[in-house]
Amino acid sequence: MDAIFGLWNLDGATVESSVLEDMATSLESTPDKQRAFSLHCSGPVGLGRVTIGRSVEDLPVTREGSLTCVADARLYRAPATAAPLDLSTTDRERLFCRLHAELGDDAPNHLEGDFAYAIWDEEKQRLSLIRDQFGVRPLFFYHVPGKLFAWASHSEMLSRSGITPNDFDLETALNSFVLGDPDPESTLVPGLSRLPAAHVLHLTSSGLAKRRYWTLEPGEPVTDDAKFEECAATLRRLLDNAVRRRLPKDGTIGAHMSGGLDSTAISVLAARALAPQNRPLHTYSFVAEYHPGVQFVDERPYVDATVQGEPNIYNSKITLSERDGKIIDAWVDRVGGYTGTEEKVLEAAERDGADVILSGWGGDEVVTFNGRGAYAEHFVRGRWKMLWNELKARSELYRISRKRVFAGEVLSYILPDRLYDLLRRAAGKETAIMANQKLARFLNPSFRKRLRPSLALGTNTRRNRLTLLNSDHIADALEVHAMQGAHHGIQYTFPLLDRELLEYAVRLPASFFLRNGVRRAVFREAMQDVLPESVRTRRPKFAPFPCALLRASERKAEYLKELDLLRQDPQLAKLFDFNAIEAALQEIPNPSEVKEAFNAEAAGGPSVSLGPLLATDPINFAHFLKARLESQSTFGQPK
């Protein structure tokens, strides 16, 4: 695994190699990993690459003519390249130089892969930073016009080396807490930015410019009268190709396998592709921890059904880490991201010898889209017969009234939120409150008004898919996986974000994703003879760690004591509605009630809501803010 970094002293001062060395050593790694780094300094400009892995080579920075390149990349398709995934680091960097010399800014459009790279053009005195189409590989920069421009794969390489200041953007932190995703460009450190996915940045003596070089275009829509089974077969073929493209010819491969559709499909297809080479696939599944006298409903039966049917899948079950919910200060640039449970996955992958982990992240947005807005689209486009049949089918499938289906699947998309909530109250029903709205209520009203609006979907499912794909939460999830994996020398890859697969799936009609009342219908059809029937036809998706509610219940008194201490902080009192937090904590049921509810669910009773867990989030966030604000000389007001 590679990480890149560099510095341009815009005031003309010579770059000192010791500064670049500090950037390289600021990226920590586990003790068993080898490290190597290479530098290239030319007057005021310096570039570097650090490599972390089981066995690494000390390769020089690549120079081709007037171009110097450092790259963090895995390539799946590239011009005139038969096996791009198997290219060496030097060959990849030479390829980038050649493409930019021939194609200029259009070069990244001819690549598919996970990449972030920098090219210094000595002749033009121009620095270029380029990031892949979905932001799988991270890239940060810090710019002080007229003084310096620094960049690195990981924010800690800029912060721990002392390049960025110890400043803090409170407003960005509040938005991240409520919305769950960082801004696509800004970070918690003023001046420290991330290069957005599918963007190229150019820096010259004249200034800085960024532009988006790629956007997923829907193409010619597949019509409703297309053959459903044939489209499913095409989807299956494209996914199989996407998985195979991401399997290196050597080495051990790992994969997330939750028990749901996406990750299980990827795991099975990968295991079958590896079997002829006698290479097992190592999978990692989140399950509930064991508690005496409690039976949790989790993903275990679906994971076990898959493993039993696929002899080439080896499986490790991962339980909730003691540290989860507390490690929200792991990185200087964001709130949260790092998780103790994913750290357990990485530790297991290290033991198995895996350097790559396949993940199903990014599937829900397009390829395995659940049809959000599909019935509303039928309604506004006058597809009355189709809508009537679907309302009937979904009503019978879930044993609920057609009126209720219509309200939830049509009215909620076509009416303004306030009007929809008014109608629900008039019908004697509670208004639907999203998690981000609940979190916002833990802040003082003056700060709630400053929050960015949350994601909104409408009556065009193709547009909904593009909106979800381009949302901040996808880029954030990919970035934090890369950042956490870097410490172990492990890279994640995401077959459901394959360009060819996405370009086909986004063309499919709404009726293929929500069909006969069943969500993700076309993908379920595509996975016949791939997934066990219990997985392929399942409807509910269980929370990976239902035991978290029991843990919170057992720690309820501890949380209330922490809240009393936090109330005494005058800075935090300006930010939080502590009474609202206390009321939410009090709603966490006691341990005996939680155990009784889970046992009843396991016996066929109603599902247990994990909603009360949200009450612990503001406690953890308040501790995070207290530490960050105390590190400032004065109380930082939102900009």
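Visitor: Any chance you could explain the sheet that holds strand 1 (residues 2-9) here in plain terms?
Guide: The strands making up a sheet associate through backbone hydrogen bonding, with each pair oriented either parallel or antiparallel. The strand order 2-3-1-9-8-10 describes an open sheet built from six strands, whose pairing is antiparallel. Pairing within the sheet leaves two strands with one partner each, and these edge strands are strand 2 (34-42) and strand 10 (192-194). Between one strand axis and the next, the sheet turns through 15 degrees on average, direction left out of account. Bridge count between strand 8 (residues 140-144) and strand 10: three bridges; the pairing is antiparallel. Paired with Phe141 across the two strands is Ser193, which belongs to strand 10. Here helix 1 (residues 17-25) sits on the sheet and contacts strand 1, strand 2, strand 3 (45-53) and strand 9 (148-152); the angle it forms with strand 2, its principal contact strand, is near 150 degrees.

Visitor: Honestly, the environment of Ala376 in this entry has me stumped. Any pointers?
Guide: Take Ala376: it is sitting in helix 9 (residues 374-380). Put simply, Ala376 and Ala78 are 298 residues apart on the chain and 40 Å apart in space, counted from C-alpha to C-alpha.

Visitor: I would appreciate a short explanation of the packing of helix 22 (residues 556-567) against helix 26 (residues 617-630) in the present structure.
Guide: What describes two packed helices is the angle between their axes and the distance between those same axes. For the pair helix 22 and helix 26, interaxial distance at closest approach is 10 Å and the crossing angle is 35 degrees. The two elements helix 22 and helix 26 cross, and the hand of that crossing is left-handed. Residue-level inspection shows Tyr559, Glu562, Leu563 and Leu566 of helix 22 in contact with helix 26, the latter providing Ile619, Ala622, His623 and Lys626.

Visitor: I tried to follow the layout of surface pockets on my own but got confused; where do I start?
Guide: Gaps between atoms show up when a probe of the same size as a water molecule is rolled over them. Of the volumes computed, that of the second largest pocket is approximately 940 Å³. Together, 30 residues line the second largest pocket, and Met1, Ser55, Thr89, Arg92 and Asp355 are the ones closest to its centre. Breaking the lining of the second largest pocket down by element, the ones donating at least two residues are strand 3, strand 5 (67-77), helix 2 (89-103), strand 13 (252-256) and strand 16 (354-358). For the lining of the second largest pocket, the element with the highest residue contribution is strand 3, accounting for four residues. Here the residues of the lining of the second largest pocket are counted per class, giving 10 nonpolar, nine polar and 11 charged.

Visitor: Would you mind showing me how to read helix 1 here?
Guide: Residue pairs spaced three or four apart in an α-helix point in one direction, given the helix's 3.6 residues per turn. Regarding helix 1, the residues found buried are Leu20, Met23 and Ala24. Summarising the axial view, the buried residues of helix 1 lie within an arc of 100 degrees, below the 170-degree limit, and thus occupy one face. The inward-facing, buried residues of helix 1 abut strand 1, strand 2, strand 3, strand 9 and helix 3 (155-159).

Visitor: For this particular structure, what's the right way to read the side chain of Thr368?
Guide: Relative to the elements of secondary structure, Thr368 occurs in the loop between strand 16 and helix 9. Thr368 has contacts with Asp262, Gly363, Arg520 and Phe523, leaving out every residue within four places of it along the chain.

Visitor: When you look at empty space enclosed by the protein in this model, what are you seeing that I'm missing?
Guide: Counting across every chain of the model gives one cavity of 30 Å³ or more. Each pocket or cavity is described by its volume, and for the largest cavity that value is around 70 Å³. Lining the largest cavity we find Tyr76, Glu112, Gly113, Asp114, Asp132, Gln133, Phe134, Val136, Arg246, Phe494, Leu497 and Arg499. Here the element with the most residues in the lining of the largest cavity is strand 6 (residues 112-121); it accounts for three residues. Among the residues making up the lining of the largest cavity, the classes are represented as five nonpolar, two polar and five charged.

Visitor: Sorry if this is basic, but what is going on with the sheet that holds strand 14 (residues 281-286) here?
Guide: Within the open sheet, the five strands sit side by side as 15-14-13-16-17. Their pairing is parallel. The sheet is open, and its two borders are formed by strand 15 (313-318) and strand 17 (491-493), each paired with just one other strand. Adjacent strand axes in the sheet meet at a mean angle of 30 degrees, parallel and antiparallel pairs treated alike. Strand direction decides the pairing type here: strand 16 and strand 17, joined by three bridges, are parallel. When the sheet's bridge partners are listed, Ile357 is paired in strand 17 with Tyr492. Against the sheet, helix 6 (residues 261-274) engages strand 13, strand 14, strand 15 and strand 16, with an angle of about 165 degrees to strand 14.

Visitor: So what exactly am I meant to see when it comes to a nonpolar patch on the surface here?
Guide: A contiguous nonpolar surface patch, about 250 Å² in accessible area, is contributed by Leu419, Leu422 and Leu423. As for its placement among the helices and strands, Leu422 is situated in helix 12 (residues 417-426).

Visitor: I'm lost on the packing of aromatic side chains in this one. Help?
Guide: Each aromatic ring pair is specified by the distance between its two centres and by the angle formed by the two planes. Summed over all chains, the structure comprises 19 aromatic pairs. Between Phe379 and Phe406 the ring centres are 5.8 Å apart and the planes differ by 70 degrees, which places this aromatic pair in the edge-to-face class. Residue Phe379 is found in helix 9, and its partner Phe406 is found in helix 11 (residues 402-414); the two are separated by 27 residues along the sequence. Its relative accessible area of 23% is what places Phe406 among the partly exposed residues. Aromatic ring contacts, followed pair by pair, group Phe168, Phe177, Phe576, Phe578, Phe621 and Phe624 into a single cluster. The aromatic ring of Phe228 is capped on one face by Arg515, whose charged end is 4.1 Å from the ring centroid.

Visitor: Sorry, what's going on with the pairing of strand 11 (residues 199-204) here?
Guide: A regular strand carries its side chains on alternate faces of the sheet. For strand 11, the buried fraction is high: five of the six residues fall into the buried class. In this sheet, strand 11 lies alongside strand 7 (residues 126-131) in antiparallel orientation, the contact comprising four bridges. Along strand 11, the bridge assignment pairs Leu127 with Leu203. Where strand 11 hands over to strand 12 (residues 207-212), the hairpin turn is made up of two residues, counted between the paired strands.

Visitor: Just checking my understanding: could you explain the confidence of the model for the protein chain for this structure?
Guide: It should be kept in mind that the predicted coordinates are not to be read in detail where pLDDT is low. Averaged over the protein chain, the pLDDT score is 91; the fraction of residues at 70 or greater is 95%. For the stretch residues 633-639, pLDDT sits under 50, and the model shows 13 contacts to residues farther than four places along the chain or on other chains.

Visitor: I tried to follow the pattern of salt bridges on my own but got confused; where do I start?
Guide: Between side chains of opposite charge, a pair can form when the charged atoms approach closely. Within the structure shown, the criterion is met by 41 salt bridges. The shortest N-O distance in the salt bridge between Arg194 and Asp333 comes to 3.2 Å. In this pair, Arg194 sits in strand 10 while Asp333 sits in the loop between strand 15 and helix 8 (340-352), placing the two residues 139 residues apart along the sequence. In this pair, the class of Arg194 matches that of Asp333, namely buried. When salt bridges that share partners are traced, they join Arg77, Glu112, Arg245, Arg246, Asp498 and Glu500 into one network.

What counts and how
- Residues numbered from 1 in each chain as written.
- Predicted model: local features only at pLDDT ≥ 70, side-chain atom pairs only at ≥ 80, totals over all residues.
- Heavy atoms only, no water.
- Pairing = 2+ DSSP bridges.
- Helix = DSSP H or I, 4+ residues; strand = E, 2+ residues; numbered from the N terminus.
- Axes fitted to C-alpha atoms, helices over the stretch in contact; angles between N-to-C directions.
- Contact = heavy atoms within 4.5 Å.
- Left-handed = near helix turned anticlockwise from the far one by under 90°.
- 1 Å grid on protein atoms, 1.4 Å probe; cavity = no way out; pocket = protein on both sides within 12 Å on 5 of 7 lines; lining within 4 Å.
- Points joined across faces, edges and corners; volume = space filled by probe spheres on them.
- Nonpolar A, V, L, I, M, F, W, Y, C, P; charged D, E, K, R; others polar.
- Buried < 20%, exposed > 50% of the residue type's maximum accessible area, 1.4 Å probe, protein only.
- Arc of directions from axis to C-beta.
- Patch = residues over 30% accessible without salt bridge, like charges linked within 9 Å, V, L, I, M, F, W, Y side chains within 5 Å.
- Areas by Shrake-Rupley, 256 points an atom, 1.4 Å probe, with all protein chains shown as cover.
- Salt bridge = Lys/Arg side-chain N within 4 Å of Asp/Glu carboxyl O.
- Phe/Tyr/Trp six-rings, centres within 6.5 Å; stacked < 30°, edge-to-face > 60°.
- Lys NZ or Arg CZ within 6 Å of the ring centre and 35° of its normal.
- pLDDT = per-residue confidence, 0-100.

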